[in-house]
Amino acid sequence: MTATLERATAYRWRWPALFVILAAEVMDLIDAMVTQIAAPTIQKEIGGSAGLIQWLVSGYTLAMAVGLITGGRLGDLYGRKRMFVIGALGFTVASLLCGVSVSPEMLIGSRVLQGLFGAVMIPQGLGLIREMFPPEEIGKAFGLFGPVMTISSVGGPVLAGWLVDADLFGTGWRMIFLINLPIGIAAVLAALRFLPEFRLSNATRLDLGGMVLVSAAAFLLIFPLIQGQEAGWPAWTFACMAGSVVMFALFGAYEARRQRSGKDPLVTPGLFRKRAFTGGLVAGLSFFTGMIGLSLVFTLYVQEGLHFSPLKAGLASLPQAVGGVVGFGIAMALVAKLGRTLLQLGTLVMAAGAGVLGLTIHLAGLDIDAWQLAPGLALVGIGMGLTMAPFFDIVLAGVEPHESGSASGTLTAIQQLGGALGAALLGTLFFHLLTSRWSFGEAMQAMVAVEIGLLLLTCALSFLLPRHAREEPSH
């Protein structure tokens, strides 16, 4: 029987339920990062081309991007507890399939499954929190996400490196996926016990046509970017990218027609007529493309170019993660006063850090150790924290309150799409330069230059955004 929870009534098991939701967040956050550290080892053991390394990141984030828009609505239609359990169970099974993969194709397919089930699981938790907690406790509940995300971002790369190097039970890199099994099973069992069932009585039907169109558009963009390099850029790669533009245009027309006919669209078309929101989408795509792309090629640079072990590569990335925590903390104290100026300062600090990193690599060549990379990476992390902390709230201030649900889902999907695009675009360019007889150091400096360009574009686009986030009404 479906129970409708009143916002003013505190659900009895709300705190145990919150920790179930946080466990799911940890699985998602860590799995989004671990393959970057383990990718070179995976490729050497299981085979596959350089594209495998890119697909390990892009397959997951692309599936997450197209699934997130629909994931929340599945909970509205069929019950959030039910969809959370299905998502967590599917994510756990997909993790097992990743861990026992015997070919690159099986591993990539299993990563895509992880992303799809993650897109079903994650939105349910956020919706359930709003239903389980009374207004005076919601802030505390959401406040726990910050430390959890911080611990995951700091510990994820180090954990991945340690697991690969430790070779527990002879599993090697496979343990980065198999470690999800006990966490996932515990999350499923605890969800069945502690999560309440909640379903909207006025939930709208799924826009399956819109989902197919946007999925096809995203795939037609990412696939040729990754496969084109090793295929020698035949005509079909450019035809696919042109087809992607056409599919995105068809998606927009389809959504507009669906709204005119009185049906609920996947994405509210009116959002794209708002300059602030459209500017925010492009700025977000630029920012997350550069951020994830640089992270991937940096991991390849330190492991393949500098011959760091996976654990040392994970430790080398720590200054950026810690810098992100520091930047986020500074942002929380200044965001109300500075608004979008904080976002602009963040992108400039991040660009300066990337410049320091590139200069360090240029001066030191291949005779470089992790501590020399730390100052540039720390600055990149601080800028990243300053930028990300206010980004979503400021962009959403440019839409009407009744549009915020669709706008938020679209922004989150753009974040994931940017990750997939970054791994595809910067990864492809990096491998192209290496095959053109550039050294690892030269190729990495070029990637730093691309990242600086994307950050400056993000900064310029930020002037289209509202000056401040919308103030929440007091309870």
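Computed from a predicted model, the values in this text were never measured in an experiment.

Here the focus is the overall build of the chain. Tallying secondary structure elements over the chain gives 17 helices and zero strands in all. The C-alpha radius of gyration of the chain comes to 22 Å, within 12% of the 23 Å expected for a compact globule of 475 residues. If one aligns the C-alpha atoms of the chain with their principal axes, the spans along those axes are about 60 × 50 × 50 Å. Within the chain, the proportion of its 475 residues that are buried is 54%. Taking the contacts inside the chain whose residues are at least 6 apart along the sequence as the reference set, 82% of them involve residues at least 24 apart. Averaging the locations of the 28 positively and 27 negatively charged side chains of the chain gives two centres separated by 9 Å.

Right, let's get into the nonpolar core. Counting 97 residues, the largest nonpolar core has Ile42, Ile176, Tyr301 and Leu373 as its most contacted members. Among residues more than four places away in sequence, those in contact with Ile42 are Gly47, Leu52, Leu56, Leu107, Trp173 and Ile176. Among the nonpolar cores identified, the runner-up in size contains 31 residues, and Ala119, Leu128, Val148 and Ala191 belong to it.

What follows concerns a nonpolar patch on the surface. The grouping of Leu89, Val93, Leu96, Leu97, Val100, Val112, Leu113 and Leu116 at the surface amounts to a nonpolar patch, some 560 Å² of accessible area in total. Contributions of two or more residues to the nonpolar patch are made by α3 (80–99) and α4 (104–132). Taking the relative accessible area as the measure of exposure, Leu113 reaches 34% and is therefore partly exposed.

At a minimum axis separation of 9 Å, helix α11 (residues 275–305) and helix α17 (residues 440–461) run at an interaxial angle of 165 degrees. Classified by the angle between their axes, α11 and α17 sit roughly antiparallel to one another. Read as a crossing pair, α11 and α17 show a hand that is left-handed. Here the contact of α11 with α17 is built from residues that sort into 17 nonpolar, seven polar and two charged.

Counting all residues, the mean pLDDT for the chain is 87, and 94% of those residues have values of 70 or more. Of all helices and strands in the chain, the one with the weakest mean pLDDT is helix α5 (residues 135–143) (75), whereas α17 scores best (95). Of the regions scoring below 50 in pLDDT, residues 1–8 engages in 18 contacts with residues more than four places distant in sequence or in other chains.

Our focus in this paragraph is the side chain of Gln229. Along the chain, Gln229 falls in helix α9 (residues 208–231). Looking at Gln229, its side chain comes within polar contact range of the side chain of Thr435, at 3.4 Å. Residues within four places of Gln229 in sequence aside, it is in contact with Thr428, Phe431, His432 and Thr435.

Two aromatic rings, taken as a pair, are described by how far apart their centres are and by the angle between their planes. On inspection of all chains with the given rule, the structure shows 14 aromatic pairs. Both rings, one in Trp173 and one in Phe177, keep their centres 6.3 Å apart while their planes meet at 85 degrees; by these two values the pair is edge-to-face. No difference in accessibility class separates Trp173 from Phe177, as the two residues are buried. A centroid spacing of 6.2 Å and a plane angle of 55 degrees characterise the contact between Phe430 and Phe440, whose relative ring orientation is tilted. One end of the pair, Phe430, is in helix α16 (residues 404–435); the other, Phe440, is in helix α17, with 10 residues separating them in the sequence. Clustering of aromatic rings is evident, with ring pairs tying together Trp55, Phe219, Phe223 and Trp236. Over the ring of Phe308 we find Lys312; its NZ or CZ atom is 4.3 Å from the centre of that ring.

With 26 residues, helix α10 (residues 235–260) should cover 38 Å at 1.5 Å per step; its first-to-last C-alpha distance of 38 Å lies within 8% of that length. For α10, the complete set of buried residues consists of Thr237, Cys240, Met241, Gly243, Ser244, Met247, Phe251, Glu255 and Arg258. Two residues or fewer past α10, Gly262 is found with a positive phi of approximately 90 degrees.

A word on the pattern of salt bridges. For the coordinates displayed, the defined rule picks out five salt bridges. Notably, a salt bridge pairs Arg111 with Asp31, separated by 3.8 Å at the nearest N-O pair. Of this pair, Arg111 sits in helix α4 while Asp31 is found in helix α1 (residues 14–46), placing the two residues 80 residues apart along the sequence. The partner of Lys44 in a salt bridge is Glu304, and the shortest N-O contact between them spans 3.6 Å. Separated by 260 residues along the polypeptide, Lys44 in helix α1 and Glu304 in helix α11 bring together distant segments of the chain. With relative accessibility at 27%, the residue Glu304 sits in the partly exposed group.

About the cut-offs
Residues numbered from 1 in each chain as written. Predicted model: local features only at pLDDT ≥ 70, side-chain atom pairs only at ≥ 80, totals over all residues. Heavy atoms only, no water. Helix = DSSP H or I, 4+ residues; strand = E, 2+ residues; numbered from the N terminus. Rg over C-alpha atoms; globule rule 2.2 N^0.38 Å. Buried < 20%, exposed > 50% of the residue type's maximum accessible area, 1.4 Å probe, protein only. Contact = heavy atoms within 4.5 Å. Lys, Arg positive; Asp, Glu negative; His and termini not counted. Charge placed at Lys NZ, Arg CZ, Asp CG, Glu CD. Core = buried A, V, L, I, M, F, W, Y, C linked by side-chain atoms within 4.5 Å. Patch = residues over 30% accessible without salt bridge, like charges linked within 9 Å, V, L, I, M, F, W, Y side chains within 5 Å. Areas by Shrake-Rupley, 256 points an atom, 1.4 Å probe, with all protein chains shown as cover. Salt bridge = Lys/Arg side-chain N within 4 Å of Asp/Glu carboxyl O. Axes fitted to C-alpha atoms, helices over the stretch in contact; angles between N-to-C directions. Parallel < 35°, antiparallel > 145°, perpendicular 65-115°, else oblique. Left-handed = near helix turned anticlockwise from the far one by under 90°. Nonpolar A, V, L, I, M, F, W, Y, C, P; charged D, E, K, R; others polar. pLDDT = per-residue confidence, 0-100. Polar contact = N/O pair within 3.5 Å; in protein donor to acceptor, adjacent residues only side chain to side chain. Phe/Tyr/Trp six-rings, centres within 6.5 Å; stacked < 30°, edge-to-face > 60°. Lys NZ or Arg CZ within 6 Å of the ring centre and 35° of its normal. Expected span 1.5 Å × (residues − 1).

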